[in-house]
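Structural overview
Here's the letter readout for the chains.
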Amino acid sequence: MSETADRVKKIVVEHLGVEADKVTEDASFIDDLGADSLDIVELVMAFEEEFGVEIPDDAAEKITTVKDAITYIDEHKG
Amino acid sequence: MFDLTGMTALVTGASGGIGSAIARALAGQGARLAVSGSNADKLEAFRASLNGDHVAVACDLSDAAAVDALVPQAVAALGGRIDILVNNAGVTRDNLAMRMKDDEWDQVIRVNLEAAFRLIRAAAKPMMKQRFGRVVSITSVVGQTGNPGQANYAASKAGLVGMSKALAQELASRNITVNCVAPGFIRSAMTDTLPEAQKSALLGRIPAGDLGTGDDIGAAVVYLASREAGYVTGQTLHVNGGMAMI
């Protein structure tokens, strides 16, 4: 598992208050982890801060699973 | 009760009549302020007249880019927190609808409604992270009752009420409340110069028998900004001496 994946999962566990073993790469934030749309906004803000990336709104809308987040961050972090 | 010590606040239109009373009321309860206004000299003079460590951040609210920059500037100047946002600034461009110019409509909507939205959108981010926020927008009794010659102003003020209700629902789970205060007739340089006959006709419509003061509005804002008002959201507090009971 990549370092990005570890850090993303840690943020998801902290923000959504879910068990770490539920945060698989295929897990959907809304369908599997119980997030609402405001949680997604907060997660994106937390990712931006943690990784120093800017995630524009149109990209943020496409991030629906843990894997989507990891992929986007790996492709865009400096 | 209603102690604001340790809290920071951004107040727009702070050098005006009602705005300065709101700023003094918040500062009086212990909040640290970023006061904003369009006239930098007048604003700085007002800031200097407040006791305490407050900052002035000038901004032209008809300039969208300047508005978007205001909250980040205020947060930086206030040491990284914004607990309270008071959207007080407002303009009027009165005219009968049939004579109203596009520009008179646009200017009022842009400053009174769109700037408030932009500021709340920007402030919601740090407030969400803090898990605390108080947004208070100053609307007007005419947003509920209408007033001839003020189609633009009444629309902007009614718009603030609807917008605040939507935002209150979006942000309630993060301990951010979004409310409005609706002044009735408030004593000001403008009301002081009204002809006597007009003034007595006006007072005849107000059960309290007197005009309100800026302090009446300041007290209402302090309440809605306080920790104690955390269960009050999406509301409009009417401060009008009973002239309209809604």
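Residues numbered from 1 in each chain as written. Chains lettered and ligands numbered in written order. Predicted model: local features only at pLDDT ≥ 70, side-chain atom pairs only at ≥ 80, totals over all residues. Heavy atoms only, no water.

- Looking up chain B in an unreviewed UniProt entry gives the name 3-oxoacyl-[acyl-carrier-protein] reductase, with the organism given as Sphingomonas liriopis.
- Recorded in UniProt under Function (unreviewed entry), the annotation for chain B is "Catalyzes the NADPH-dependent reduction of beta-ketoacyl-ACP substrates to beta-hydroxyacyl-ACP products, the first reductive step in the elongation cycle of fatty acid biosynthesis." (UniProt positions renumbered as here; feature names shortened; annotations may be inferred.)

- An unreviewed UniProt entry lists chain A under the name Acyl carrier protein, from Hephaestia caeni.
- The UniProt entry for chain A carries the following text under Subcellular location (unreviewed entry): "Cytoplasm".
- The UniProt entry for chain A carries this comment under Function (unreviewed entry): "Carrier of the growing fatty acid chain in fatty acid biosynthesis."

1. Let's talk about the overall build of chain B
- From N to C terminus, chain B includes nine helices and seven strands.
- Expected size for 246 residues packed as a compact globule is a radius of gyration near 18 Å; at 17 Å, chain B falls within 12% of this value.
- Its C-alpha atoms give chain B principal-axis dimensions of about 50 × 40 × 40 Å.
- Of the contacts formed within chain B by residues at least 6 apart in sequence, a portion of 70% connects residues at least 24 apart.
- Here chain B has roughly 11000 Å² of accessible surface; of this, 53% comes from carbon and sulfur atoms. (Helix = DSSP H or I, 4+ residues; strand = E, 2+ residues; numbered from the N terminus. Rg over C-alpha atoms; globule rule 2.2 N^0.38 Å. Contact = heavy atoms within 4.5 Å. Areas by Shrake-Rupley, 256 points an atom, 1.4 Å probe, with all protein chains shown as cover.)

2. So, the packing of helix H1 (residues 3-16) of chain A against helix H4 (residues 66-76) of chain A
Residues and elements named next belong to chain A.
- In the contact formed by H1 and H4, the axes pass within 10 Å of each other and the chain directions differ by 130°. The orientation of H1 relative to H4 falls into the category oblique. In this structure, the crossing between H1 and H4 has a hand that is right-handed. Between H1 and H4, the contacting residues are Thr-4, Ala-5, Val-8 and Lys-9 on the first element and Val-66, Ala-69, Ile-70, Ile-73 and Asp-74 on the second. (Axes fitted to C-alpha atoms, helices over the stretch in contact; angles between N-to-C directions. Parallel < 35°, antiparallel > 145°, perpendicular 65-115°, else oblique. Left-handed = near helix turned anticlockwise from the far one by under 90°.)

3. Some details on helix H2 (residues 37-51) of chain A
- Here H2(A) spans 21 Å end to end across 15 residues, near enough to the 21 Å set by a 1.5 Å rise per residue.
- Burial runs high along H2(A): 11 of the 15 residues are buried.
- Residues Leu38(A), Asp39(A), Ile40(A), Glu42(A), Leu43(A), Val44(A), Met45(A), Ala46(A), Phe47(A), Glu48(A) and Phe51(A) constitute the buried set of H2(A).
- Those residues of H2(A) hidden inside the fold are in contact with H1, helix H3 (57-60) and H4 of chain A together with helix H4 (102-130) and helix H6 (151-171) of chain B. (Expected span 1.5 Å × (residues − 1). Buried < 20%, exposed > 50% of the residue type's maximum accessible area, 1.4 Å probe, protein only.)

4. Some details on the UniProt feature "binding site: NADP(+)" (unreviewed entry) in chain B
Residue and element names in this part refer to chain B.
- Here the UniProt-annotated "binding site: NADP(+)" (unreviewed entry) positions come out as Asn-88, Tyr-153, Ala-154, Ala-155, Ser-156, Lys-157 and Ile-186.
- Its location among the elements puts Asn-88 in the loop between strand E4 (84-87) and H4.
- Sequence-distant contacts of Asn-88, that is, excluding residues within four places in its chain, are made with Thr-12, Gly-13, Ile-18, Gly-19, Ile-22 and Ile-138.
- Turning to its location among the elements, Ala-155 is positioned in helix H6.

5. Quick word on the confidence of the model for chain B
- Confidence in the prediction for chain B averages 96 pLDDT; 100% of positions are at 70 or higher.
- Of the two predicted TM-score estimates for the complex, the pTM is 0.93 and the ipTM is 0.81. (pLDDT = per-residue confidence, 0-100.)

6. Describing the interface of chain B and chain A
- Chain B puts seven residues into the contact, and the matching count from chain A is eight residues.
- Taken together, both faces of the contact between chain B and chain A bury some 650 Å²; the carbon and sulfur share is 54%.
- Three residues stand out in chain B for area buried against chain A, namely Met128(B), Lys129(B) and Arg174(B), and they jointly supply 65% of the buried area on that side.
- If you look at where chain B meets chain A, you find four salt bridges.
- Put simply, Glu42(A) and Arg131(B) hold a salt bridge, and the shortest N to O gap is 2.4 Å.
- Run the count over chain B and chain A and you get four residue pairs in polar contact (both at pLDDT 80 or more).
- Ranked by the residues each element gives to the side of chain B that touches chain A, the list is headed by H4(B), at three residues.
- The class makeup of the residues in the side of chain B that touches chain A is one nonpolar, one polar and five charged. (Buried area = accessible area lost by both parts, 1.4 Å probe. Salt bridge = Lys/Arg side-chain N within 4 Å of Asp/Glu carboxyl O. Polar contact = N/O pair within 3.5 Å; in protein donor to acceptor, adjacent residues only side chain to side chain. Nonpolar A, V, L, I, M, F, W, Y, C, P; charged D, E, K, R; others polar.)

7. Brief notes about the nonpolar core
- One finds Leu10(B), Leu61(B) and Leu85(B) to be the most contacted residues of the largest nonpolar core, which totals 36 residues.
- Listing elements by their share of this core, those giving two or more residues are H2 of chain A together with helix H3 (64-77), H4, H6 and strand E6 (176-183) of chain B.
- With 11 residues, the single largest contributor to this core is H4(B).
- If we ignore the near neighbours within four places in the chain, the residues touching Leu61(B) are Thr12(B), Val67(B), Leu70(B), Ala89(B), Arg110(B), Val111(B), Ala115(B) and Leu119(B).
- Leu4(B), Ile22(B), Ala31(B) and Leu43(B) belong to the second largest nonpolar core, which has 29 residues in total. (Core = buried A, V, L, I, M, F, W, Y, C linked by side-chain atoms within 4.5 Å.)

8. Here we look at unusual backbone geometry
All names here are of chain B.
- One non-glycine residue, Arg-131, adopts positive backbone phi at about 55°.
- By the secondary structure assignment, Arg-131 is in the loop between H4 and strand E5 (133-138).
- Positive phi, close to 65°, is recorded for Asn-175, a residue that is not glycine.
- Along the chain, the position of Asn-175 falls in the loop between H6 and E6.

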